[in-house]
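The lines below spell out each chain.
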Amino acid sequence: MLKKEVQELINKGEMLPLMEEFYTIQGEGAHTGTAAYFIRIGGCDVGCHWCDVKESWNADLHPPTKTDLIVENTAKYAKTVVITGGEPLMWSLDYITNQLQEKGIKTHIETSGAYNFSGVWDWFCLSPKKGKLPLDRNYKEADELKMIIHNKDDFKFAEEQAEKVGEKCSLFLQPEWSKKEKMTPLIVDYVMENPKWKISLQTHKYLNIP
Ligand code: SF4
């Protein structure tokens, strides 16, 4: 296929730079413990220094893949899909989410919210990052706010972000993996003092699953 044709299909969301897809257990946040098919789309310029998927950043390294094929693969395994990245909202997600929902698959996203909203979502997990803050619309869409705690200043940032989401949004504090020994006890104390928050742990890493 010509480069121009590929680009046109990407613009329409009919192709996406797929980094990996796999069936596993959601390890984090409100749906922890639930089986889900993960679709990881390449591309991110948010630049978190502690990012654990830096290999996702350069979208050019991930092959443009027909969205219909990704949907077909998902339908073989799961009733719930989690679209993640990278930063998935760099791409138009209307086509893929419509196709998935037509097949009765629940659509979840994990996003920093730094790019324009697209897609139809059963669950919108917003995880704001200091390097590139969410756009206004994305705060409104959030069902779940997941704040990564890497140092003590991140509690203040988490509170600032919590003020921007709706009342029904669930609030989670999650220790950044490389700092979990230091930060988890602080998060425990913080949640007991501020019970509007819950703790999210990266349980898939403890379980040694993807
Ligand atoms: S937004 Fe996510 S994928 Fe992008 S740099 Fe930050 S942690 Fe990594």
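On a predicted model such as this, the values are computed, not experimentally measured, just so you know.

Rules used in this analysis
Residues numbered from 1 in each chain as written. Predicted model: local features only at pLDDT ≥ 70, side-chain atom pairs only at ≥ 80, totals over all residues. Heavy atoms only, no water. UniProt positions renumbered as here; feature names shortened; annotations may be inferred. 1 Å grid on protein atoms, 1.4 Å probe; cavity = no way out; pocket = protein on both sides within 12 Å on 5 of 7 lines; lining within 4 Å. Helix = DSSP H or I, 4+ residues; strand = E, 2+ residues; numbered from the N terminus. Buried < 20%, exposed > 50% of the residue type's maximum accessible area, 1.4 Å probe, protein only. Contact = heavy atoms within 4.5 Å. Points joined across faces, edges and corners; volume = space filled by probe spheres on them. Nonpolar A, V, L, I, M, F, W, Y, C, P; charged D, E, K, R; others polar.

(A) Seen up close, the UniProt feature "binding site: S-adenosyl-L-methionine" (unreviewed entry) in the chain. Within this structure's numbering, the places UniProt gives as "binding site: S-adenosyl-L-methionine" (unreviewed entry) are Trp 50, Cys 51, Asp 52, Gly 86, Ser 127, Pro 128 and Lys 129. Annotated residues from the preceding list that form part of the lining of the largest pocket: these are Trp 50, Cys 51, Asp 52, Gly 86, Ser 127 and Lys 129. Its place among the elements puts Cys 51 in the loop between strand S2 (35-41) and strand S3 (64-66). With a relative accessible area of 17%, Cys 51 lands in the buried category. Of note, Asp 52 is situated in the loop between S2 and S3. Setting aside residues no more than four positions away along its own chain, Asp 52 makes contact with Gln 202 and Lys 205.

(B) Local environment of the environment of Ile 25. Along the chain, the position of Ile 25 falls in strand S1 (residues 15-25). A residue is classified by how much of its surface remains accessible, and Ile 25, at 32% relative accessible area, is partly exposed. The contact partners of Ile 25, leaving out residues within four places of it in the chain, are Gly 33, Thr 34, Ala 35, His 204 and Ile 209.

(C) Quick look at the UniProt feature "binding site: [4Fe-4S] cluster" (unreviewed entry) in the chain. Following the UniProt record, the feature "binding site: [4Fe-4S] cluster" (unreviewed entry) maps to Cys 44, Cys 48 and Cys 51 here. Of the annotated positions mentioned, Cys 44, Cys 48 and Cys 51 line the largest pocket. Mapped onto the elements, Cys 44 comes out in the loop between S2 and S3. Excluding residues within four positions of it along the chain, Cys 44 makes contact with Ser 56, Trp 57, Gly 86, Glu 87 and Met 90.

(D) View of the layout of surface pockets. For the largest pocket, the calculated volume is near 830 Å³. If you go around the largest pocket, you meet 41 residues; those closest to its centre are Glu 28, Arg 40, Asp 52, Val 53 and Thr 84. Mapped onto the lining of the largest pocket, the elements with two or more residues apiece are S1, S2, strand S5 (106-111), strand S7 (144-149), strand S8 (170-175) and helix H7 (203-207). Of all the elements, S1 adds the most residues to the lining of the largest pocket, at four residues. Considering only residue class, the lining of the largest pocket consists of 16 nonpolar, 15 polar and 10 charged.

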